[in-house]
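Per-entry structural report
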Amino acid sequence: MAEEGQVIACHTVDSWKEQLESANTSKKLVVVDFTASWCGPCRFIAPILTELAKKLPNVLFLKVDVDELKSVAEDWAIEAMPTFIFLKEGSIIDKVVGARKDELQQKIALHSAA
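Here's what I pulled together on the structure shown here. Quick caveat, the model's predicted, so the values are computed rather than measured.

Once that is clear, we can look at the pattern of salt bridges. Summed over all chains, the structure comprises four salt bridges. Glu103 serves as the salt-bridge partner of Lys107, at 3.4 Å between the closest nitrogen and oxygen. Of this pair, Lys107 and Glu103 both sit in helix α4 (residues 101-113), four residues apart, roughly one helical turn. Lys107 sits in the buried class, given a relative accessible area of 19%. Among the residues examined, Glu103 registers a relative accessible area of 21% and is labelled partly exposed. Here the residues in one salt-bridge network are Asp94, Arg100, Glu103 and Lys107, joined through shared partners.

See the structure below:
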């Protein structure tokens, strides 16, 4: 099981599916960061996401490198990095495209309270 208070990087399709399944059963808010190693804004937002994960153990933060898991990025129709997808019980409830710290924090607060 995933440790609380950190951003969990999914390096294989199996680990991605495993994380999603456990999140669906836990009914936690899931925030997925679709990122890329060459993406400047992604590197800017990464430490902010780590801080949020430490502060919000009731939210599951996952990270997917679009170059590493191309099929996952394609399945989720990711076109820009970073893209943050918000999930609850397996359904997409929201999305933030770009390294928009304030919007990201507002949406996490909104959906984690619900």
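So, on to the sheet that holds strand β2 (residues 29-35). Taken together, the five strands give an open sheet; going across it, the order is β1-β3-β2-β4-β5, and neighbouring strands pair in mixed fashion. Looking at the sheet topology across the chains shown, the edges are occupied by β1 (7-10) and β5 (91-97). Pairs of neighbouring strands in the sheet enclose a mean axial angle of 25 degrees, with direction left out of account. One ladder, built from six bridges, connects strand β4 (residues 83-88) with β5; its direction is antiparallel. Bridging across to β5, Thr83 finds its partner in Val97. Packed on one face of the sheet, α4 meets β2, β3 (59-65), β4 and β5 and runs near 160 degrees to β5.

To continue, consider helix α1 (residues 13-26). Here α1 is 14 residues long and its end C-alpha atoms lie 20 Å apart, about the 20 Å a rise of 1.5 Å per residue gives. Those residues of α1 that fall on the buried side of the exposure criterion are Trp16, Gln19, Leu20 and Ala23. Angularly, the buried residues of α1 cover 100 degrees about the axis, an arc narrow enough to put them on a single face. Exposed residues on α1 whose side chains face more than 90 degrees from its buried face are Asp14, Glu18, Glu21 and Thr25. Looking one or two residues past α1, Lys27 carries a phi angle of roughly 65 degrees, positive in sign.

Okay, the side chain of Asp33 next. Within the secondary structure, Asp33 sits in strand β2. Salt bridges are absent for the buried Asp33, whose nearest opposite-charge side chain, Lys63, sits at 6.1 Å. Dropping the residues within four chain positions of it, Asp33 is found in contact with Leu49, Leu62, Lys63, Val64, Pro82, Thr83 and Phe84.

A pair of packed helices can be characterised by two numbers: the angle between their axes and the separation between those axes. Following both chains from N to C, one finds helix α2 (residues 40-55) and α4 inclined at 25 degrees, their axes separated by 11 Å at the closest point. In this view, α2 runs roughly parallel relative to α4, as classed from their interaxial angle. The hand of the α2/α4 crossing is right-handed. Taken together, the residues of α4 that come into contact with α2 (itself represented by Ile45, Ile48, Leu49 and Leu52) are Lys101, Leu104, Gln105 and Ile108. Looking at the contact of α2 with α4, its residues break down into six nonpolar, one polar and one charged.

The rules behind these values
Residues numbered from 1 in each chain as written. Predicted model: local features only at pLDDT ≥ 70, side-chain atom pairs only at ≥ 80, totals over all residues. Heavy atoms only, no water. Salt bridge = Lys/Arg side-chain N within 4 Å of Asp/Glu carboxyl O. Helix = DSSP H or I, 4+ residues; strand = E, 2+ residues; numbered from the N terminus. Buried < 20%, exposed > 50% of the residue type's maximum accessible area, 1.4 Å probe, protein only. Pairing = 2+ DSSP bridges. Axes fitted to C-alpha atoms, helices over the stretch in contact; angles between N-to-C directions. Contact = heavy atoms within 4.5 Å. Expected span 1.5 Å × (residues − 1). Arc of directions from axis to C-beta. Lys, Arg positive; Asp, Glu negative; His and termini not counted. Parallel < 35°, antiparallel > 145°, perpendicular 65-115°, else oblique. Left-handed = near helix turned anticlockwise from the far one by under 90°. Nonpolar A, V, L, I, M, F, W, Y, C, P; charged D, E, K, R; others polar.

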